[in-house]
Amino acid sequence: MADSMDRTGIEVSSAPVGGHRRFGGTIPVGADALLATAARLDPTLLYFSHGRAALRWIVGARGPFAGALVCAYTWPTVPDLLTSLGLEVRTFDVGDPDPTRLIPAGNTRWLVLVPALFGVEPWLDLGALARALGSRAMVVLDAAQTAFAAIDHAPPPGGGVFSCLHKCTALGDGALLALDPPPRSDERQALEQSPMAIESSKTRLKARIAFARGNEEGEIQALELIREAEALWPLNFCRMTDESKSLLAYLDRSAHGTRRRANGARLTKALNGRLPFAWTGEGVPFCQTILVAARATLLPRLHARRVFASPLWPDAHCDAGRHPRAARFARELIALPLDQRYEPADMDALADLVLDAL
């Protein structure tokens, strides 16, 4: 990829570090395709600092809920947050065709979070699910591993869709929430008057700038800053920072999806069926997921080849007896990067490194 400049005015080098190209790590500034002029932001969306802020708002503004149904294979902070908010959390396995059987009988209302795992379209029909449950539940698409699902997907009846910009772009913060019906004007006004997660956002942006330098010193600094940024997320919900919201208006949503889908298709082809894929389907992929029984052995080999693949959620709250697929993912899944900083041709090199490490 050619050197580029983002709207912060920072030049970004794509030169390899230490003589070897790096795959993975935080997305650097300059990775996102930009529009020539700012697009109009959807006034019906709610703009939060991050996904957990959106979840906190849903529980507070759309409850009360007695409990929540959550996929067993998810970032453990999600069920932990819901539990801390006083909800009874029940978990279902990846691919479960009818998780609603877990909702207890009675007049209580539940929150149902259906994941778009790795950016793949959900296996459940959210509209049909919401209509079947009616007033018993609010159905929400958890598309945290996408940037724009809250724009691309209509929320189910009486439900919502949230997506996390900061996970999939070079923004310092940002999560989008779409609702049916759309939020009231007083709700939007109240959110606009809420605080911003300024320190976390600034620290994350510093990490992206450091990573974009393309040298070992920048990599080390970026890793430290990302850890610091995660610890700085506020406990209460915050709105998206003004800086990130301004930059969001320039992000090219179409180019973002096109590049990730092209990279995913190229990487799938280049791996040539040598490894089983964990979860595939339509959508804007967050990563390519493979299953490797000897994950603990393979990951150091990948890192030695500068492929910083992630085991993702080895500490997911799952039970092998009740959640066999989620438990296998927690043991064996490796997430390979395919984000927009790379071109499809880069995926050939990545596949060669992965196969060489086997």
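Reading guide: rules and limits
Residues numbered from 1 in each chain as written. Predicted model: local features only at pLDDT ≥ 70, side-chain atom pairs only at ≥ 80, totals over all residues. Heavy atoms only, no water. Helix = DSSP H or I, 4+ residues; strand = E, 2+ residues; numbered from the N terminus. Buried < 20%, exposed > 50% of the residue type's maximum accessible area, 1.4 Å probe, protein only. Lys, Arg positive; Asp, Glu negative; His and termini not counted. Salt bridge = Lys/Arg side-chain N within 4 Å of Asp/Glu carboxyl O. Polar contact = N/O pair within 3.5 Å; in protein donor to acceptor, adjacent residues only side chain to side chain. Contact = heavy atoms within 4.5 Å. Arc of directions from axis to C-beta. Phe/Tyr/Trp six-rings, centres within 6.5 Å; stacked < 30°, edge-to-face > 60°. Lys NZ or Arg CZ within 6 Å of the ring centre and 35° of its normal. Expected span 1.5 Å × (residues − 1). pLDDT = per-residue confidence, 0-100. Pairing = 2+ DSSP bridges. Axes fitted to C-alpha atoms, helices over the stretch in contact; angles between N-to-C directions.

### Concerning the side chain of arginine 260
Secondary-structure assignment places arginine 260 in helix 10 (residues 253-271). Buried charge without a partner: arginine 260 forms no salt bridge, and the closest opposite charge is aspartate 339, 5.1 Å away. Of the polar contacts made by the side chain of arginine 260, one reaches the side chain of glutamine 340; its length is 2.9 Å. Once residues lying within four places of it in the same chain are set aside, the contact partners of arginine 260 are Ile27, Cys168, Val284, Pro285, Phe286, Leu338, Asp339 and Gln340.

### Notes on helix 3 (residues 126-133)
Looking at helix 3, one finds that the buried residues are Leu126, Gly127, Leu129, Ala130 and Leu133. Burial along helix 3 is one-sided: seen end-on, the buried residues are contained in an arc of 165 degrees. Turned more than 90 degrees away from the buried face of helix 3 sit Arg131 and Ala132, all of them exposed. Packing partners of the buried residues in helix 3 comprise strand 6 (110-115) and strand 7 (137-143).

### What to know about the packing of aromatic side chains
In total, this model carries 8 aromatic pairs according to the counting rule given. Where phenylalanine 48 meets phenylalanine 237, the ring centres are 6.2 Å apart and the plane angle is 75 degrees; that geometry is what we call edge-to-face. Here the residue phenylalanine 48 occupies a position in strand 3 (residues 46-48), and phenylalanine 237 occupies one in the loop between helix 8 (216-231) and helix 9 (242-248), the gap between them amounting to 189 residues. By the ring-pair criterion, three or more aromatic residues cluster together here, those being Tyr73, Phe118, Trp313 and Phe329. One Lys or Arg, arginine 22, reaches over the ring of phenylalanine 308 and ends 3.9 Å from the middle of that ring. A cation over an aromatic ring shows up here: lysine 245 above the ring of tyrosine 47, its NZ or CZ 4.5 Å from the ring centre.

### A word on helix 7 (residues 198-212)
Along its 15 residues, helix 7 runs 21 Å from first to last C-alpha, staying within 8% of the 21 Å computed at 1.5 Å per residue. Listed as buried for helix 7 are Ser200, Ser201, Thr203, Arg204, Leu205, Ala207, Arg208, Ala210, Phe211 and Ala212. Immediately beyond the C-terminal end of helix 7, within one or two residues, lies glycine 214, with a positive phi of roughly 75 degrees.

### Some words on the confidence of the model for the protein
Per-chain confidence: the protein averages 93 in pLDDT, with 94% of residues scoring 70 or above. Segment residues 1-19: pLDDT under 50, and 40 contacts once partners within four positions in sequence are set aside and those in other chains are kept.

### A closer look at the sheet that holds strand 6
An order of 3-9-8-7-6-4-5 is seen for the 7 strands of this open sheet, with the pairing classed as mixed. Looking along the sheet, the strands with just one partner apiece sit at the ends: strand 3 and strand 5 (88-92). Here the average twist between neighbouring strands, direction ignored, is 20 degrees.

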